[in-house]
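# Structure at a glance
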Amino acid sequence: MSIHRINTVHQHGRSDDFPLLDPEVLQVHVPPFVTKEDLLSGSQTLSNFNRTQRRRSFIKKKREKPVAALERNNGNNDPVTEDISVPKDIDLIGLPQLCFPGGLQVVNESKADHFHFLVFTDVFGNRTYGVVVQYYKPVQFPEDGSRYQNVHVHWNLAKAPRLYAAVGICVISKYAYYNALKDCLSCLLLQLKSCRGTDFEDRVKEFAANVALVPSPPPGQLHLVFNMKPLQIVLPSREDLDSPVVDLDLHLPFLCFKPKQVLQETDDLILINIDNGSISSSSSRELDIPDVPLGAAECFMSREVNDHLNYRVFNSEEFQKSREPADQPFYKKVLETHIFHSFLKARLNRKMDAFTRMELSTRSEAHRVKLMLESPRRPTMQEMALKYSSPENRCFKGISMPDLADQRIHDFPVSKSSLKKLESETALKIPRNPIKTFKLPDFPSPLVYHHVQSYYTECIVLLSKAVSSVPPESSALLARYYYLRGVMNMMLGKRLDALSDFQNLYKTDIGIFPADLVKKLVDSLAQEEWLQAEKRSELKRFISKVKKDNETGLVKSDDHVKNFALPKKHMQLEDFVKQIQESGIVKDIGTIHRLFDALTVESFKSDFGGQGLDTAIRVAPSQSVFYVDSHLDGQQKQIDPETFKVFYTFWKETEAEAQDVHLPAEVIEHLDKNESVYKLSCSVKTNHGVGKIAMTQRRLFLLTEGRPGYIEITAFRDIEFGQVAKQCWFEVLIKHVESSGQQKQIDPETFKMFYTFWKETEAEAQDVHLPAEVIEHLDKNESVYKLSRSVKTNHGVGKIAMTQRRLFLLTEGRPGYIEITAFRDIEEVKMSSAAFLLLRIPSLKIKTTLRKEMFEANLKSECDLWLLMVKEMWAGKKMSDDHKDPQYMQQALTNVLLMDAVVGCLQSQKAIYAATKLAFFDKMKYEVPMMVPKTTSETLKHKINPSAGQTAPQAVDVLLYTPGHLNISEVGGGANPKLWCALSDGKVVVFDAASWSMQQNCIQVGTSKLNCMLGLEQNQVWIGSQDCTIYIINTVSMSCNKQLTDHRSEVTDMVIEDSNDKFSQIQAYSCSADGTIITWDVFTLKVKNQFHVECQRLTSLKLFRGTLWCCAGECIMELRKNGMPYRRMLLPDHPGGIAAAGFSCFQLFIERDQLWTASAECGELCIWHVKDLSKPFHRIQLQDCTGVSCMIKVKNQIWVGSRGKSQGKLRGKIYVVDIEKHSVEKELVAHSAAVQALCSVEDRYVLSGSSCEDGKVAIWKVE
C-alpha cells in the first residue's frame, strides 16, 4: 500500500479502511551475546556490544549444535553452554503470524499493550514456549508520499501525519515461564516507551542478553529471584523432573469472582463442583457431559485403576464393566482424555506423585495383605453387606490385621478392599520442604566479557555461602545450590569445578543429576584439564563412571501404555504367558505353564489312540468319571460307513506298526517271553528322562532314548486307587510337541472362550447376594468363589458355596446356612454314586473331623470338577497350615478357579483331565513329604513372600530389621518397625514388622545384586550393591535419591560405629571385594578415611571394641581403625589332611573371648580363643549340612543358616546352637532352598530368607 494511500485514508479519518499488513521479523537475538573472542580482539565496549551483535537471519539454518563445537575444543576454557538458542524446529518465517494472530494494521490511535502466550509442538511432541507482547508506537510518513529505504531518510516531521503501528516482541524458552517472562517484558516496555527510536534495537538486545544470564532452577524447593527494574522477578522451579513448570495463575479469577461471573466472561469453560458433583458451562448449547459418580467423588479411583493395569496393558473395557451402569458414561469420557493416559504412565513407572502418596496414606491393612496374597476379584462379606446398605457407608475404613500370635493370620487370600474416605485426620502427613529463594546479583553493566565473567564469579561466591550455611540434614536444598554452582562454574569455563559440583549431587539428590550436560562437560575437557583431574582421586573416579555409563548406554524404560486386546493368531507358550499376564488373570509363570498344558490336552490325544489320557490311563487319584450320554434324543444310534472305514484302517495300520517294533536285547530281558508291546507313545519328556512309554498286557515301562534302556513304570496290578506302589508318581512331562513334531499352540478362539468364561464368572460373583443371616456366619474378609447348581444333599436341597476357608450349603426355600466343613477339618473326599431309577448319579462325599456323618451331594455332571476343586483346596490348606505359609492357600484357590474356567471353556470329555493339570497341591501330596518336623513346626511362626506380584520367586539376598520411631508421626504405619528385603536385580521390598503386611512392594536401587544393608537413625537405610555403589533410601519418603560411588569393586559389607557420646560424629565403615575399606561421616556423607587390605576377596566386616575384624575367605584379620594390621588368622587344618574351604562368615563374642567361624563348603563350626588364633579349640559338626552361608547371635544362641539334606532332599536349614554348651539345640527345616540371609528382631524373632527356588521369608520364635 502506498504512503499516499495511507495519507488519504488518514485525512478522511477512516482508520477502518487501513488494510491488514504483512508483519516481518526485524531482529533475532540469541546467546551468546559476549564471547572471549571479543575480548581478545580488544574492541569490545558497550557500543561495540550494541553495534556488533549480529542479527540472526531467520531464513538461514540454525548453526551447529554446541556438541559439535565441543568436539573441536583444542584446550581453551570456553564455557560449555546449554542449548538455549532458538529451537531448531521453530519456523521463524511463520512466527510473525503467531505474534499478530489478528493481523498487523496501522491505526489512528494508540491501543493498550497486549500479552499472549504461544506453545510450539514438534512432530515428536516436544514443546517450546513463547510469551508475546504487542505495544503501539507512533509511525510518521512524509506528506509527499515518497518512499524511504531506512531510518535515516529525512522529511518534514511537523507536516507528517501521526499514525500508530503495533510492534511485537516474543521471548522463547524451553520452559513455560509465562508470568516471569511476561513481567520481564513489562519492565522492558517501560524502557522502550521512554527511549528514542534509534535506541530501540540496543535496549532489546540488552534485555535479551540479561535474560540469557538467568539459569533455569533445578526441580525442587528452590526458586530463583532476579532484579529486572523496577520489578523483582521470581522464576519458579518444577516440582520434580517429570512435572512441568507451573507459572500461570489460573486460580486468580476464582478468587476475584464468583463461578457464575467467570462463566459469563469466558468462552468454552466448564466448571465442576467436586463437592456436590454439579456441572456448569459458559456455552449456550447443550453439552453432553455425564454426571460425576458419587463413588468417584468420595473415593479416589487410583487403586481400582491399578486392578486393571497389568504389564503396561490397561484393560479399559473390563474397567468400564466394573463400574455401575449409570456411571459408565462418565468413565468413558475420562478414559479418552490425555491426562488419564499420563496418569496411567505415572502408575506404571511407580512415580511417587500426589496420587501415589494419597494411595499409600489411605491404604487399608487388608489391601496391604492383598499385595502379598493377590487373588481373583470377588466381593468380601463386608463389601457385600455394605453393597446393599446406604450409599454413605460404601467408602469405609480399612481393616486391621490380627496380631502375629493368632495362628490364623493371613491363612486366606484377601480380595479387593474398598478405599478409605479421605478425611483430614487420615490425610497425607509427609512433611513438605518449605520453598526457598536464591537472589541472583544485579545484571552487569556494561555487558562486556569481563563484566559477565565477574557476574558468574559473584554468583559462585553467593552460592558457596549458601552451601556453607545449609545443615547436612537439608540435603535436598544443598543439592539445588550445588546444581546452580555447577552451572555457573560451567559458564565461567571452570569445567573441573563444575564436575565436582555435579558429583556432589550423588550424595545430596541424584534425582536432579543432569546426565546429558555432564556428558558434554566430560567430552569437552582439554588435555590440561585431564591431567588435573588425574590428581583429584574423587573427580577421577567420577569422570570414569560417567564415561563408563556413556559406553554402556542407558536403556530407556518403555512408558507406553496399550489397551488390552484378545489375541488374533495362534500362541505358543511364550506368547501365551505374556497374554495371560496382560489379562490380569494370573502372574506366576509356573501356574501359567500348567494352564497352557490344560488348554492344549488335545495335542496329547494322538499319543494314546486318539482317546486322550483321561480314558487311556488312570494313575491320578480319584479321577474315575461317570458320564451320561445326553445325545440320544430318543433315536437309535448308528455308525456311518466312513467312520467304520477310518476305524478299521487305523486298527490295521496299528497292527502292522506293532510288527515293526524293535526292542534291544537289554530291554527284552526285563520282559516275560509271552509279553507283547501293544502301544508305544511318541517321544515324551518324563521325570525319569526322555523316551517312549510302552504298554504290554502286564505293565508300563519307559523305553529311554539315546542309549536305549528300560525303566519300569508300574505293573497294572500295582496301580492302586489314586497312587502307584511306593506312593511314587510316574509323571509324564509332555513336551510341547504334537505327533507331527510341531510346537503346541493355543488358537485365538480357545483363548477367547477361556477369557470370556473367566470374566463372566468374575462378573457373576459380583452379583452374588447372600442374606444377612448367612453373612453373619462368615468372616468379614471371606468371599464366595464358587457356587454350584441347586443339588440334592443329605442335608436338604441347596447350592454348595466355596470360600477361601470353607464349604457351606446355601439352602433353598427360606435361604439358610448349613456348615459343611472348613478345609482344615476335612478327613476324606471321594466320589460315589446314588441310585436314581436305572442310573447311578455321581455324588461327592466329604468326611470331616467334626462330625461322624459324611456329607453327600448329588452333583451329577459337576461332580468331577468339585472333587478336583475340594481336594486341591484341602491339600493347599494342609500345606498352608503345616508350613505357616498363607500363599499356599491363595495359590490353591487360583488353581481351583482356573480349573473351573478350563472345564467351562473346553466343554468336552477331556475337560476334566485338562483340569487335573492344574491340581498342583493335590499331586504334591504324593511327590514330596507333607509332614513338617515337629521342632520346625513349633518354632516357625509365619512365612511371608517378598516376591508377591512377581512372575517367579526372587532370591532373598539380604534382610534388615529397623525399629519403629515413637516420636515420629507418620501415616499408614510409617512409624512402625520395618523389615527390608533385598531381592534379585536391585529390588527392595518393605514390610510393616508390626503386622508383617507389605508396606512398599518395590523400591528399585540399581539393577545388580544387593549384598548388604545398614539402618541408620537419620531416617536412612544404606544398601551395598554389586555395582560398586552404596544406595541411600530415605525411610520417610521411601525413595532412593542419594548414592555413594567411592568404591571401585562390589560393596560386600557395612557396619556403624556405636558412640555413647551424643556430640561425637557418627561413623560408618564399608568394605568392597577388592579389599578397600572406607570410613564415612554419616551426616555429611564425606569420606573421612580410606585404606586397602591385601586379600583375595574381602567379604564381611565387623567392629568390636575399637578394632575392625575382616573376613577375607582365606583368612580373618584384625585391624586398627586406621587400617593398621594387628592380627591374622588362617584357615584351620581339616581332619584327615584335607584342605579346608574358605571362611564364609564369623561371629565374635568378646565377653567370652571366643571367635566362631564357618565355611560355605562344609557343615562345621570352629570355635577359637581370641587370645590364641593359631587353631580352634572346639569343633561342632552340623548333621546333614553341606555348607554354611550366614550366622547371627541371638541371646545365648547362635543361629546358623545353611543348606543340607532333609528326608533325602536338599533343603534350607537352620541350626540353633547353644553358646555355652557348644551343642545343637534345634535343627529347623526352614526352606525348600538354601538359607541366604538371617536377621534378628529385638531377640524375639529370627527372620530367614532363601534363594530363588523358594524366595520366602520365614519368621521364627526365639526361646
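Residues numbered from 1 in each chain as written. Predicted model: local features only at pLDDT ≥ 70, side-chain atom pairs only at ≥ 80, totals over all residues. Heavy atoms only, no water.

In the nomenclature of an unreviewed UniProt entry, the protein chain corresponds to DENN domain-containing protein 3 from the organism Acipenser ruthenus.

## Quick notes on the pattern of salt bridges
As a reminder, the rule being used: Only one rule defines a salt bridge in this text: a Lys or Arg side-chain nitrogen within 4 Å of an Asp or Glu carboxyl oxygen. Working definition: helices are DSSP H or I runs of at least four residues, strands are E runs of at least two. Numbering for both runs from the N terminus. Throughout this description, buried means an accessible area under 20% of the type-specific maximum (1.4 Å probe, protein chains only), exposed means over 50%, and partly exposed covers the range between.
Taken as a whole and assessed by the stated rule, the structure comprises 34 salt bridges. Ionic pairing is found between aspartate 523 and lysine 519, a salt bridge with its closest N-O pair at 3.0 Å. In this pair, aspartate 523 and lysine 519 both sit in helix H22 (residues 515-523), 4 residues apart, roughly one turn of the helix. Aspartate 523 sits in the partly exposed class, given a relative accessible area of 40%.

## Here we look at a nonpolar patch on the surface
Threshold: Patch building starts from residues that exceed 30% relative accessible area and form no salt bridge, then joins like charges within 9 Å and nonpolar side chains (Val, Leu, Ile, Met, Phe, Trp, Tyr) within 5 Å. Note that accessible areas follow from Shrake-Rupley with a 1.4 Å probe, and for residues the cover is restricted to the protein chains shown.
A cluster of nonpolar side chains, namely Phe117, Leu248 and Leu250, defines an oily patch on the protein surface of about 270 Å² accessible area. With a relative accessible area of 61%, leucine 250 lands in the exposed category.

## Things to note about the pairing of strand E15 (residues 709-715)
Spelled out, the test is: By this definition, two strands are paired if DSSP reports at least two bridges between them.
Burial within E15 is extensive, with 5 of its 7 residues counted as buried. Taken together, the 6 bridges between strand E14 (residues 699-704) and E15 define a ladder with antiparallel strand orientation. Within the sheet, the bridge partner assigned to leucine 702 lies in E15 and is isoleucine 711. Hairpin connection between E14 and E15: a loop of 4 residues separates the two successive antiparallel strands, and glycine 706 in this loop has a positive phi of roughly 75°.

## Considering helix H13 (residues 328-335)
Quick reminder of the rule: Directions are taken from the helix axis to each C-beta atom, and the arc is the one they span.
Within the sequence span of H13, burial applies to Phe330, Tyr331, Val334 and Leu335. In an axial view of H13, the angular spread of the buried residues amounts to 130°, which keeps them on one side of the axis.

## Focus: the packing of aromatic side chains
Geometry of an aromatic ring pair is reported as the spacing of the ring centres plus the angle between the planes. Heads up, the condition is: Aromatic contacts are taken between Phe, Tyr and Trp rings whose centres are within 6.5 Å, Trp giving its six-membered ring; a plane angle under 30 degrees counts as stacked, one over 60 as edge-to-face, and the others as tilted. Criterion for a charge above a ring: Arg CZ or Lys NZ at most 6 Å from the ring centre, at most 35 degrees from the ring normal.
In this structure the tally under the stated criterion is 28 aromatic pairs. Ring plane angle 35° and centroid distance 5.9 Å describe the contact between phenylalanine 340 and phenylalanine 343, whose orientation is recorded as tilted. Taken together, the positions of phenylalanine 340 and phenylalanine 343, both in helix H14 (residues 338-348) and 3 residues apart, correspond to about one turn of that helix. Both residues of the pair, phenylalanine 340 and phenylalanine 343, belong to the buried class. It is lysine 137 that lies over the ring of phenylalanine 200; its NZ or CZ is 4.7 Å from the centre. One residue, lysine 182, lies across the ring of phenylalanine 115, its end atom 5.4 Å from the ring centre.

## A look at the sheet that holds strand E11 (residues 562-563)
Taken in spatial order, the 3 strands of this open sheet run E8-E9-E11, and their pairing is mixed. Two strands in the sheet have a free side with no partner beyond their single neighbour: strand E8 (309-310) and E11. Here strand E9 (residues 313-314) runs beside E11; their pairing, made up of 2 bridges, is parallel. When the sheet's bridge partners are listed, phenylalanine 314 is paired in E11 with asparagine 563.

## Structural notes on the pairing of strand E33 (residues 1051-1056)
Summarising burial for E33: 5 of the 6 residues are buried, a large majority. As judged from the 5 bridges shared by E33 and strand E34 (residues 1067-1072), these two strands associate in the antiparallel manner. The partner of aspartate 1053 across the bridge, within E34, is cysteine 1071.

## Here we look at the nonpolar core
Defined as follows: Joining through side-chain atoms within 4.5 Å is the link that ties buried Ala, Val, Leu, Ile, Met, Phe, Trp, Tyr and Cys residues into a set, and such a set is a nonpolar core. For the domains described, the bounds stem from an automatic or database domain assignment. In what follows, a contact means two residues having at least one pair of non-hydrogen atoms within 4.5 Å.
By size, the foremost hydrophobic cluster in this structure holds 80 residues, and its most contacted members are Leu192, Met228, Tyr481, Leu499 and Phe502. In terms of residues, this core owes the most to one element, helix H19 (residues 475-491), which gives 11 residues. Two domains share this core, each providing at least three of its residues, namely domain 1 (3-14 + 21-32 + 84-141 + 159-273) and domain 3 (444-552). Beyond its immediate chain neighbours, meaning those up to four positions away, leucine 192 contacts Tyr135, Ile169, Phe200, Arg203 and Val204.

## Let's talk about unusual backbone geometry
Residue proline 230 follows lysine 229 across a cis peptide bond; omega there is 10°. The topology assignment puts proline 230 in the loop between strand E4 (222-228) and strand E5 (231-235). In the segment running from serine 445 into proline 446, the intervening peptide bond is cis, with an omega of -5°. Non-glycine residue lysine 884 carries a positive phi angle of around 50°.

## A few points about the sheet that holds strand E36 (residues 1087-1092)
Across a sheet, strands are paired by hydrogen bonds formed along the backbone, either parallel or antiparallel in direction. Basically, it comes down to this: Only the stretch in contact is used when fitting a helix axis, every axis being a line fitted to C-alpha atoms; angles between N-to-C directions are given from 0 to 180 degrees.
The 4 strands are arranged E33-E34-E35-E36 in an open sheet whose pairing can be described as antiparallel. Each end of this open sheet is capped by a strand with a single partner; those strands are E33 and E36. Here the strands of the sheet are splayed against their neighbours by 15° on average, with no regard to which way each runs. Of the strand pairs in this sheet, strand E35 (residues 1076-1081) and E36 are connected by 5 bridges, and their pairing is antiparallel. Residue pairing in the sheet places threonine 1076 in a bridge with histidine 1092 of E36.

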